[in-house]
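# Examining the three-dimensional arrangement
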4 protein chains.
Amino acid sequence: MPTSTWFRLNVGKRERVLEVAMREFGGLGYSSGSLNTIAREAGIAKGSLFQYFNDKLEFFAYVCDEVSRRIREEMQRRIDALDVAQPFEGWLFDVFCEWTEYMAEHPLERAMLAAADFELDNSIRSVVRDTANQHYLQVISPSLRAWRERGGIRGDADPDVLASLMMMLLPFLALAPYYEGLDPILNLRGRTPAEQRPVIRQLIAGLRPVYAVPGT
Amino acid sequence: MPTSTWFRLNVGKRERVLEVAMREFGGLGYSSGSLNTIAREAGIAKGSLFQYFNDKLEFFAYVCDEVSRRIREEMQRRIDALDVAQPFEGWLFDVFCEWTEYMAEHPLERAMLAAADFELDNSIRSVVRDTANQHYLQVISPSLRAWRERGGIRGDADPDVLASLMMMLLPFLALAPYYEGLDPILNLRGRTPAEQRPVIRQLIAGLRPVYAVPGT
Amino acid sequence: MPTSTWFRLNVGKRERVLEVAMREFGGLGYSSGSLNTIAREAGIAKGSLFQYFNDKLEFFAYVCDEVSRRIREEMQRRIDALDVAQPFEGWLFDVFCEWTEYMAEHPLERAMLAAADFELDNSIRSVVRDTANQHYLQVISPSLRAWRERGGIRGDADPDVLASLMMMLLPFLALAPYYEGLDPILNLRGRTPAEQRPVIRQLIAGLRPVYAVPGT
Amino acid sequence: MPTSTWFRLNVGKRERVLEVAMREFGGLGYSSGSLNTIAREAGIAKGSLFQYFNDKLEFFAYVCDEVSRRIREEMQRRIDALDVAQPFEGWLFDVFCEWTEYMAEHPLERAMLAAADFELDNSIRSVVRDTANQHYLQVISPSLRAWRERGGIRGDADPDVLASLMMMLLPFLALAPYYEGLDPILNLRGRTPAEQRPVIRQLIAGLRPVYAVPGT
DNA sequence: TATGAATGAGTATTCATTCAT
DNA sequence: CATGAATGAATACTCATTCAT
């Protein structure tokens, strides 16, 4: 959706603009994020932004897409590296740990995830969330299916409910340590990745019956 | 936190201001919601708002609190009227149905719930979410404890995980039918309360093992 | 100029309003000083101020007058207590020291002096300065005349120039220690009364020929 | 301190904005001077002012600096043109006359001088007065030193006291004819430059012993 | 293709004053 | 006589977007 001009830009400038935009939009969200600020901090002219993108929303959507893609690729890589010989529960724990570690190490990506998740306006949200969700599902769904076929998950588990559960838990785990009021019970707020691990264990253990093969 | 002036106002005006504010803040959120607009639509002078509240945040926080209180009271009332002689699963279904019906019938309250849930700014979020969470927990926690003691929930279920699950499911069910991108799997978006019921059933069924007493 | 209502007020309230007003107007000047703030901090209704004074300017003028009167009375008292058997130069030093000490001990009066001195608007200034000047002159002029007749001042000194000099030096000495940029040469800014004394000596010594009787 | 945009502006517009600002700030001072008014009267958009200056204080400070510089340059030129073969007293008279004439002919500069001199707020005053004082001193100090070395001033005169006297007399002479309550004794208020001259003579004569070489 | 000046409606908030109670 | 609610114009400042260069 960016103009052709954007893609003809040299990589350094493109990366700089993108990083500044992630910081600005990630910190303030779509409507409060300022194009003036982004242009200033990226060291480009205000007008140039409009040579690269037709308007603010297109710019925001592009940044969101880019971030979703990065998160997805990196997580795909990490998940592919995990041990699938272990039981499902251990694998799930590893996935959640990789996820929370990634989020801890990538504050800009995490902030953009929040900016998209916390967007109130439906017309903006719809532009932004759908592609993000596709990215997530393309990682989650095949994995769950594989585990199912391998017999790591109880046969009568509803795959849609499992996937929905994942779609709720992932942003929760990603953001609860950094945003107020998301988790008044387990107290993830302010915890380091290491300190989050016992909570992740507790969650997985509590949900075990949902997926666990009976009798194992 | 509002000024004494606010509470001395005649009820009609207070209600009018509150309703307009719910619509404005609920539709646009804290930062994009305009005090000018609220004053105009409520038919009062811009300056008057500042006789009632010291600043925008205090105003927003008040509206949130008020809405939380209303939701909580009404839900408490509805839940108290439910049949507790039935199994937990039936009761839970009833609760979720009451909840989604309430949300369908109260678009302003629902919108404010979203405005608070989708607030990105931590300093505003913290002002607003903590009290809301307290309200929710004061309804959820005692109910779960009672069911537990009554033996309606499996004895080894982790109460914190159950409560956290509820805290995730409630806003999900409330908002997913009205906000884009919240639910890419079960497709609640756009459904009427009646159409939401099968999805609720599916969710509860899928999660059954988490709470169900084995062998029942 | 205040209404009769003001004078019928009990002394405590009157004093409280006056003190708060001195602090507010003294700190912010006429135009930036806020009647809302004064009313709030004095614990009276906003409307009441307008029962006591017809408008803001009348209020400000009253406070200025009151302060001028207090300063004048106290300074008259202090000057009357000084030793007039000593040479004029010693007496003058004593007067300036009394003055700077009084100003150090009475920050509210000093601030109001500044508020009146620094007022830019002629229409307000004229209301406020003339009476203040009368107060000053009624202390300065008779003293100078007496010293002249007693032969403590050289006979050919121009009394108007002497008085004008006093009228410049008094606010300068009063305010230079507390306001930026008034004294870039002698560096009174920030000095305690004790630290101001050598500067006062220097000033008087430097100006000695203006008044000193030749040959003494 | 203005932005680069300001300096890239065409001279005509810059001069227009500056003149309007001098009139507004000079008439009403920093805090009461309105940026809205300046923009409207200069025929530019409100937002444009903020392209030129980051905020109101920076704008005000710039105008003050500019005015100080102009006054200083013009006065330096005039003083350099004076006859230094005459006695000091005659030279001093000429300086004061040039000064008061300049002020009579340049109401905008005079008004800004007053706006800076009458500013109550220390944080603004300090920004504005220090540079102004430097300008004054750079004219006054070398002149006095030169006269001293040439023997035109009595050798035992305290140069700091002389300079301080000048720093008090200059604004006094500049503003007393135009501002109420500055001069209740010599009655400069309302006088034309020609009418001010006898008063200047009187002042200089009255202060003669301070500088005059004894026996001349 | 990049620039950056210009715009004008928008923001939250403050103010002195009025006047019905 | 005291109260305090109401007012609406005022404030500095920000914004996404346009467009001539």
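The model shown is predicted, which means the values in this text are computed figures rather than measured ones.

What counts, and where the lines are drawn
Residues numbered from 1 in each chain as written. Chains lettered and ligands numbered in written order. Predicted model: local features only at pLDDT ≥ 70, side-chain atom pairs only at ≥ 80, totals over all residues. Heavy atoms only, no water. Near = heavy atom within 4 Å. Polar contact = N/O pair within 3.5 Å; in protein donor to acceptor, adjacent residues only side chain to side chain. Helix = DSSP H or I, 4+ residues; strand = E, 2+ residues; numbered from the N terminus. Least-squares fit on C-alpha atoms with pLDDT ≥ 70 in both. Contact = heavy atoms within 4.5 Å. UniProt positions renumbered as here; feature names shortened; annotations may be inferred. Core = buried A, V, L, I, M, F, W, Y, C linked by side-chain atoms within 4.5 Å. Buried < 20%, exposed > 50% of the residue type's maximum accessible area, 1.4 Å probe, protein only. Axes fitted to C-alpha atoms, helices over the stretch in contact; angles between N-to-C directions. Parallel < 35°, antiparallel > 145°, perpendicular 65-115°, else oblique. Buried area = accessible area lost by both parts, 1.4 Å probe. Nonpolar A, V, L, I, M, F, W, Y, C, P; charged D, E, K, R; others polar. Expected span 1.5 Å × (residues − 1). Bend = angle between axes of the 7 residues up to and from the residue. Salt bridge = Lys/Arg side-chain N within 4 Å of Asp/Glu carboxyl O.

This part takes up the protein's contact with DNA strand F. Neighbouring residues of DNA strand F: 36 residues in total, closest Thr 5, Arg 8, Lys 13 and Gln 51 of chain B together with Arg 8 of chain C. Counting only the atoms of DNA strand F within 4 Å of the protein, the fraction contributed by sugar and phosphate is 59%. Measuring from a base nitrogen of DNA strand F, one finds a backbone N or O atom of Gly 47 of chain C at 3.2 Å. When residues of the surface near DNA strand F are traced back to their parent elements, those giving at least two are helix H3 (35-42) of chain A, helix H1 (4-8) and helix H4 (46-52) of chain B, helix H1 (4-8) and helix H4 (46-52) of chain C together with helix H3 (35-42) and helix H4 (46-52) of chain D.

By a simple turn and slide, chain A fits onto chain B: the slide is 0.0 Å along the axis, the RMSD is 0.2 Å, and the turn is 179°. The operation mapping one copy onto its partner corresponds to a two-fold rotation axis. For chain A, the residue whose C-alpha comes nearest the rotation axis is Phe 118 of chain A, separated from it by 2.0 Å. By residue overlap, the copies meet face to face through one surface: 100% of the interface positions of chain A are interface positions in chain B.

Turning our eyes to something else, we now look at the arrangement of the chains. At no point do chain A and chain C touch; the closest pair of C-alpha atoms across them sits 32 Å apart. At the C-alpha level, the nearest point of chain B lies 20 Å from chain D, with no contact between them.

The sites that UniProt annotates as "DNA-binding region" (unreviewed entry) are residues 34-53 of chain A. Annotated as 75% helix and 0% strand, the span residues 34-53 of chain A places its first and last C-alpha atoms 14 Å apart.

Moving on, we get to the nonpolar core. Residues Phe 59 and Phe 96 of chain A together with Phe 59 and Phe 96 of chain B are the most contacted members of the largest nonpolar core, which totals 164 residues. Setting aside residues up to four positions removed in sequence, Phe 96 of chain A forms contacts with Met 166, Leu 169, Leu 170, Leu 173, Ile 200 and Ile 204 of chain A.

In this section: the packing of helix H2 (residues 11-32) of chain C against helix H5 (residues 56-80) of chain C. Residue and element names in this part refer to chain C. Between H2 and H5, whose axes approach to 10 Å, the crossing angle comes to 105°. Taken as axis vectors, H2 and H5 run roughly perpendicular relative to one another. Contacts between H2 and H5 pair Glu 15, Val 17, Leu 18, Ala 21, Met 22, Phe 25, Tyr 30 and Ser 31 from the former with Lys 56, Leu 57, Phe 59, Phe 60, Tyr 62, Val 63, Glu 66, Val 67 and Arg 70 from the latter.

This part covers the relation of the copies chain D and chain C. At an RMSD of 0.2 Å, chain D and chain C line up after a rotation of 179° and a shift of 0.0 Å along the axis. A shared binding surface is used by both copies, with 98% of the interface residues of chain D retained as interface residues in chain C.

The next point concerns the interface of chain A and chain B. Contacts between the two partners involve 46 residues from chain A and, on the opposite side, 47 residues from chain B. For the pairing of chain A and chain B, the buried interface totals around 3,500 Å² over both sides, and the portion due to carbon and sulfur atoms is 67%. Linking chain A with chain B are 12 residue pairs in polar contact (both at pLDDT 80 or more), by the criterion used here. Elements that contribute at least two residues to the side of chain A that touches chain B include exactly helix H2 (11-32), helix H7 (107-117), helix H8 (122-149), helix H9 (159-175) and helix H10 (193-211) of chain A. Of the residues contributing to the side of chain A that touches chain B, the split by class is 24 nonpolar, 12 polar and 10 charged.

Turning next to the UniProt feature "domain: HTH tetR-type" (unreviewed entry) in chain A. According to UniProt, the "domain: HTH tetR-type" (unreviewed entry) feature falls on residues 11-71 of chain A. This span, residues 11-71 of chain A, is 87% helix and 0% strand, and a straight line between its end C-alpha atoms measures 20 Å.

Next up on the list: the protein's contact with DNA strand E. Taken together, 35 residues sit near DNA strand E, with Gln 51 of chain A together with Thr 5, Arg 8, Lys 13 and Gln 51 of chain D positioned nearest. When atoms of DNA strand E within 4 Å of the protein are split into backbone and base, the sugar-phosphate part holds 57%. Between Thr 5 of chain A and DNA strand E, the recorded distance is 3.1 Å, taken from a side-chain N or O atom to a phosphate oxygen. Separating a phosphate oxygen of DNA strand E from a backbone N or O atom of Ala 45 of chain D is a distance of 3.1 Å. For the surface near DNA strand E, the elements supplying multiple residues, two or more each, are helix H1 (4-8) and helix H4 (46-52) of chain A, helix H3 (35-42) and H4 of chain B, helix H3 (35-42) of chain C together with helix H1 (4-8) and H4 of chain D. Partitioning the surface near DNA strand E into residue classes produces 10 nonpolar, 15 polar and 10 charged.

All names here are of chain C. Taking 1.5 Å of rise per residue, 28 residues should cover 40 Å, and helix H8 (residues 122-149) covers 37 Å from first to last C-alpha, within 8% of that figure. In H8, a bend of some 30° at Leu 137 exceeds every other bend along the element. At the exit of H8 stands Gly 151, carrying a positive phi of roughly 80°.

All right, on to the packing of H9 of chain A against helix H9 (residues 159-175) of chain B then. One can describe the packing of H9 of chain A onto H9 of chain B by two numbers: an axis separation of 11 Å at closest approach and a directional angle of 105°. One finds that H9 of chain A runs roughly perpendicular with respect to H9 of chain B. On the side of H9 of chain A, the interface is formed by Leu 165, Met 168, Leu 169 and Phe 172 of chain A, while H9 of chain B contributes Leu 165, Met 168, Leu 169 and Phe 172 of chain B.

Counting from both sides, the interface comprises 47 residues of chain D and, opposite them, 46 residues of chain C. Across the chain D/chain C interface, buried area totals approximately 3,500 Å², and carbon plus sulfur atoms make up 67% of it. Considering only the side of chain D, the residues that lose the most area to chain C are Leu 120, Met 168 and Ile 185 of chain D, jointly responsible for 19% of the buried surface there. The interface formed by chain D and chain C contains zero salt bridges. Our enumeration of links across chain D and chain C arrives at 12 residue pairs in polar contact (both at pLDDT 80 or more). Contributions of two or more residues to the side of chain D that touches chain C are made by helix H2 (11-32), helix H7 (107-117), helix H8 (122-149), helix H9 (159-175) and helix H10 (193-211) of chain D. Sort the elements by how many residues they give to the side of chain D that touches chain C and H9 of chain D lands first, with nine residues.

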